[in-house]
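Observations on the model geometry
Each chain, letter by letter, is given below.
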Amino acid sequence: MPLIAVNEAARIVEEATAVLSTEEVSLVEAIGRALRQTVQADRDVPPYDRVMMDGIAFNHRDWENDVRQYSIVGTQAAGAPPEILTGSGNCFEIMTGSELSNGCDCVVPYEEVEINEGKAQIVDGFVPQPGRFVHKTGSDYPAGATLLQPGYRLTSRQIAIAAASGCTHLRVTRLPRISLVSTGDELVEIDLPVERHQIRPSNAYSLQAGLAALGISTVKRSHLNDRPEEIEKKLVSLLEDSDVLILSGGVSKGRYDYVPEILEKLGVKKLFHGVTQRPGKPFWFGRQDDGPSVFALPGNPLSTLVCFHRFVVPSLEKMLGLPTPPTVWASLAEPFDFEPPQTFFLPVAAESQPDGLLSATPRSVSNSGDYASIVSTSGFVELPGEDLSEFPTGYCAKYFSWI
Ligand code: AMP
Ligand code: MG
């Protein structure tokens, strides 16, 4: 199979991805999840004429009759049913959040009155108006209005609306069961002694951190040695128990790179193997009929991370029923060149400028195993080098932020 271009690979992944089914969870469990129902206002918003300032309330007719000093005859507190103001020249002290008392149509904040011995005098120059500082019943939304549509990620604003509408439970996309699989005889778990010729499986942990940022906690980590029988046996059960399999390592042309061959043997249909990109060229992607998507990423830590952000994250967002995030563009702060033809993913430190431009300073790394040097970067830009090899200062490229 020939190598394919980055855009083509992204399209194939997108087409092979289906939105997951839904489940109903409590409001707090729904935080960070993708909403899959509408949320309606269960009553008018606000549900009553809501007072917006602490102060006094009276009837504007008295003001028209030249009353400037009002006798305080009671207090209207938030959370109490509305009191009834009677007589003329009288007022209530009234609190923010309370319902406007019956018989009152006018609120004057404390800042505009002087209170002495039970009398409230309106300060010179202030002109009360009926309805001012009162948030009218239903003026935001009438009962029954749709406040949230399916597809939102439930963060603070959406959760506030759901809570205010009395939603104790919400229908959300179920979380994908994800298996993170490290492969390689050289890998030793991080809590075990490590020999000189061995390394620790950092990829499994970096990917788990990335998944956590997407709100996905339904993750299992496992490790496979470079032994075909072991790989095959373990993959059979992982394919059964997962919605998404993300492997790292074992997909190149090395003698011990068994992963692609075994995946195909187990009925995972290869959709591509090899993308004209750097890093991450040996990336393999496939899908089992009625089974999981399988992302088999090259093991070099930077390759793994770049492929995860460029291909796996958009697929997971679609699976979760989240909207496609807008494309972000960044402008190169320095020129950069590389050998074509391939797409180059260049780690950058991106910073927003006063003119609104996102400026990306290249932080080229010496090799795709050099992950420590990307700690200070904010993401990477995608330089499409199919026909171009030199990218000047000011070149605008697609920008992907590390999650
Ligand atoms: P591979 O893709 O298996 O040829 O591995 C490429 C490089 O990435 C090798 O140097 C591996 O040791 C390294 N590598 C593979 N898997 C991991 C992992 N889970 N964490 C860190 N490095 C890895
Ligand atoms: Mg390997």
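Conventions and cut-offs
Residues numbered from 1 in each chain as written. Chains lettered and ligands numbered in written order. Predicted model: local features only at pLDDT ≥ 70, side-chain atom pairs only at ≥ 80, totals over all residues. Heavy atoms only, no water. Pairing = 2+ DSSP bridges. Helix = DSSP H or I, 4+ residues; strand = E, 2+ residues; numbered from the N terminus. Axes fitted to C-alpha atoms, helices over the stretch in contact; angles between N-to-C directions. Contact = heavy atoms within 4.5 Å. Near = heavy atom within 4 Å. Polar contact = N/O pair within 3.5 Å; in protein donor to acceptor, adjacent residues only side chain to side chain. Areas by Shrake-Rupley, 256 points an atom, 1.4 Å probe, with all protein chains shown as cover. Nonpolar A, V, L, I, M, F, W, Y, C, P; charged D, E, K, R; others polar. 1 Å grid on protein atoms, 1.4 Å probe; cavity = no way out; pocket = protein on both sides within 12 Å on 5 of 7 lines; lining within 4 Å. Points joined across faces, edges and corners; volume = space filled by probe spheres on them. Domains from an automatic or database assignment. Buried < 20%, exposed > 50% of the residue type's maximum accessible area, 1.4 Å probe, protein only. Salt bridge = Lys/Arg side-chain N within 4 Å of Asp/Glu carboxyl O.

Side note on the sheet that holds strand β19 (residues 293-297)
- As summarised here, the arrangement of the 6 strands in space is β14-β13-β15-β19-β18-β16, forming an open sheet in which the pairing is mixed. With one partner strand each, in any of the chains shown, β14 (219-224) and β16 (268-273) form the two edges of the open sheet. Averaged over all adjacent pairs, the angle separating strand axes in this sheet is 20°, with direction ignored.
- Relative to β16, helix α1 (residues 6-15) is tilted by about 160°, and along the sheet it contacts β16, β18 (284-288) and β19.
- Across the sheet, helix α5 (residues 228-241) lies against β13 (178-183), β14, β15 (244-248), β16, β18 and β19, angled at about 170° from β14, the strand it touches most.

Re the site of ligand 1
- Every one of the 16 residues lining ligand 1 counts as a neighbour, but E186, S202, N203, G250 and G299 are closest to it.
- Within the backbone of S202, a nitrogen or oxygen atom sits 3.1 Å from a nitrogen atom of ligand 1.
- Burial of ligand 1 by the protein chains amounts to 79% of its free accessible area of 490 Å².
- Elements with a minimum of two residues in the shell around ligand 1: β13 and α4 (202-213).
- The residue inventory of the shell around ligand 1, partitioned by class, reads 5 nonpolar, 9 polar and 2 charged.

What to know about the sheet that holds strand β5 (residues 69-76)
- Pairing is mixed across the open sheet formed by 6 strands, whose spatial order is β7-β4-β6-β5-β9-β8. The outermost strands of the open sheet, each flanked by one partner alone, are β7 (106-109) and β8 (113-116). On average, each strand axis in the sheet is inclined to that of its neighbour by 40°, with strand direction left out of account.

Quick look at the layout of surface pockets
- Here the largest pocket is characterised by a volume of approximately 960 Å³.
- Along the wall of the largest pocket there are 29 residues; nearest its centre are P314, E317, T324, P325 and F400.
- Elements with a contribution of two residues or more to the lining of the largest pocket: α1, α7 (301-319) and β26 (396-401).
- When residues of the lining of the largest pocket are assigned to domains, at least three fall in each of domain 1 (6-21 + 174-319) and domain 4 (329-401).

Quick notes on the environment of N90
- Mapped onto the secondary structure, N90 falls in strand β6 (residues 90-94).
- Considering only alpha carbons, one finds N90 and V123, 33 residues apart in sequence, at a separation of 17 Å.
- Contacts of N90, omitting those with residues within four sequence positions, involve F58, D62, Y70, S71, V73 and L85.
- A polar side-chain atom of N90 sits 3.0 Å from the main-chain carbonyl oxygen of T86.

Considering empty space enclosed by the protein
- The full count for this structure, using the stated rule, is 2 cavities of 30 Å³ or more.
- In this structure, the largest cavity spans a volume of roughly 40 Å³.
- Broken down by class, the residue content of the lining of the largest cavity amounts to 5 nonpolar, 2 polar and 2 charged.
- Of the domains in this structure, domain 1 (6-21 + 174-319) and domain 2 (23-45 + 140-173) are the two that each give at least three residues to the lining of the largest cavity.
- When its volume is computed, the second largest cavity comes out at roughly 30 Å³.
- Residue lining of the second largest cavity: L180, V181, S182, N203, A204, L207, I246, L247 and S248, and that is the complete set.
- Elements that contribute at least two residues to the lining of the second largest cavity include exactly β13, α4 and β15.
- Grouping the amino acids of the lining of the second largest cavity by side-chain chemistry returns 6 nonpolar, 3 polar and no charged.

Overview of the domain arrangement of the chain
- When the domains of the chain are assigned, the result is domain 1 (6-21 + 174-319), domain 2 (23-45 + 140-173), domain 3 (50-135) and domain 4 (329-401).
- Just the C-alpha atoms count here: the centres of domain 2 and domain 3 sit 36 Å apart.

As for the pairing of β15
- Counted residue by residue, β15 has 5 buried out of 5 residues, so it is predominantly covered.
- Burial along β15 is two-sided: the residues V244, I246 and S248 and L245 and L247 are all buried.
- Note: β13 against β15, 5 bridges, orientation parallel. Opposite S182, over in β15, you have S248 as the bridge partner.
- Sheet topology places β15 next to β19; 5 bridges connect them, and they run parallel. Each bridged residue has a counterpart across the sheet, and for L247 the counterpart in β19 is A296.

Concerning the pattern of salt bridges
- All told, the structure shown has 13 salt bridges when counted by the stated rule.
- Between E23 and R33 there is a salt bridge, and its shortest N-O distance comes to 2.5 Å. In this pair, E23 is assigned in strand β1 (residues 22-26) and R33 in the loop between β1 and β2 (39-40), connecting sequence segments 10 residues apart.
- You can call E23 partly exposed: its relative accessible area is 31%.
- The class of R33 is buried, set by a relative accessible area of 10%.
- Across the salt bridge formed by D66 and R68, the nearest N and O atoms sit 3.8 Å from each other.
- Judged by its relative accessible area of 59%, D66 falls in the exposed class.
- When its relative accessible area of 31% is taken as the criterion, R68 is described as partly exposed.

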